[in-house]
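Residue-level listing of the chains:
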Amino acid sequence: MTEVGPGAVLVMGEALIDLVPVPDDPETYRAQPGGAPANVAAGLARLGTPSWFAGALGGDGFARVIEQRLVSAGTELGLCARSELPTTLAVADPGPDGTGYHFHLGDTATFRLPDHSARTERFAAVYVGGVAAVVEPAAEAVAATARAGAARSLLVVDPNVREDRTIDPERAVRRLRELCALAQVVKASDEDLARLWPGTDPDASCRRLAGEGRLVVLTRGAQGATAFAGNAEPVSVPAVPVEVVNTIGAGDAFMAGVLNWLTAPGADRSGGVAGLSRDEVTEMLGFASRVAASVCAQTGTEPTRPPDA
């Protein structure tokens, strides 16, 4: 394993292939590398943060496409497991309320993840979430690594709730709630929170989580984002105006922006993430929003660093 540098982030979860309808020909699907954790790992590297992707790659052509994407972004793959099994496919179903997915998970390499709990102390932050957090055999390894990350590093959780006939909803909700309870930082969309705590206003869920000593970031798409740092009053920023070409991967780019800001060299986080000042939170949200906008303004999921950052 290559030496882990300062400010490095361990990203654990799935790298898969999204099959996305071509806008001008909806009966034709384009294969593009995806998976929230893989998007975050690539996004971090593009933003200049050393990222280590702790996922699993298969033995098919799709896996080679994913590997090329991660390597070209600058992501380290020294902790990535290998298998001769095929790659998971996620068929995207864009709609007026967002993009849904239908997964082909069975007998794939994507979720055969090892436990990386012994390595978490080498990293400035550990990110977990996505489908790997709720699908076996990956879920147990993700949970173990998350527990170690919470104790030895900065655990960042993005529940990124996905609903599919192949995913047990009750077990998924239970696992994701457990991860949120472990985390020092939770980033979630309003849809995520509505699914995890149905019948509760997303803002109320954020206040409760933050009141227990966390930094909680709530994203609302075109309505912007709000951060809840401990018991302080929440801070909101609007979405960055942009001509939207694509929304797939925007939330992951936002997450990469938050992580990049939190782990930046020289940043003083001695007061803990729940103790960030109002100005610091505003700066973090603004930066992450500009990173997300860079994805919305183009095809694909690769963010770019804002020119004013």
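Model, not experiment: these values are computed from the prediction.

1. Quick notes on the packing of aromatic side chains
Scanning the model with the defined rule gives two aromatic pairs in all. Taking the centre distance of 6.2 Å and the plane angle of 75° together, the rings of Trp-52 and Phe-123 count as edge-to-face. Taken together, the positions of Trp-52 in strand β4 (residues 51-54) and Phe-123 in the loop between β8 (98-104) and β9 (125-129) put the pair 71 residues apart, joining distant regions of the chain. No difference in accessibility class separates Trp-52 from Phe-123, as the two residues are buried. Over the face of the ring belonging to Trp-197 we find Arg-208, whose NZ or CZ atom lies 4.9 Å from the ring centre.

2. Some words on helix α4 (residues 169-182)
For α4, which comprises 14 residues, the first-to-last C-alpha distance of 20 Å matches the rise-based estimate of 20 Å (1.5 Å per residue) to within 8%. Buried within α4 we find Ala-172, Val-173, Arg-175, Leu-176, Leu-179 and Cys-180. One side of α4 carries all its buried residues, which in axial view fall inside an arc of 165°. Looking at the packing, one finds that the buried side of α4 touches β9, α3 (138-152), β10 (155-158), β11 (185-189) and α5 (190-196). You can read the cap of α4 off the contacts: a side-chain oxygen lies 3.1 Å from the backbone nitrogen of Glu-170, and it is on Asp-168.

3. Focus on the sheet that holds β10
The mixed open sheet is built from eight strands, whose spatial order is β4-β1-β9-β10-β11-β12-β13-β14. The open sheet is flanked by β4 and β14 (235-237), the only strands paired with a single partner. Geometrically, the sheet is characterised by an average inter-axis angle of 15° between neighbouring strands, direction not taken into account. Taken together, the two bridges between β10 and β11 define a ladder with parallel strand orientation. Looking at the pairing, Val-157 lines up with Val-186 of β11. Taken strand by strand, α4 contacts β9, β10 and β11, and its axis lies near 145° from that of β10.

What counts as what
Residues numbered from 1 in each chain as written. Predicted model: local features only at pLDDT ≥ 70, side-chain atom pairs only at ≥ 80, totals over all residues. Heavy atoms only, no water. Phe/Tyr/Trp six-rings, centres within 6.5 Å; stacked < 30°, edge-to-face > 60°. Helix = DSSP H or I, 4+ residues; strand = E, 2+ residues; numbered from the N terminus. Buried < 20%, exposed > 50% of the residue type's maximum accessible area, 1.4 Å probe, protein only. Lys NZ or Arg CZ within 6 Å of the ring centre and 35° of its normal. Expected span 1.5 Å × (residues − 1). Arc of directions from axis to C-beta. Contact = heavy atoms within 4.5 Å. Polar contact = N/O pair within 3.5 Å; in protein donor to acceptor, adjacent residues only side chain to side chain. Pairing = 2+ DSSP bridges. Axes fitted to C-alpha atoms, helices over the stretch in contact; angles between N-to-C directions.

By themselves, these figures tell us nothing about what the structure is for.
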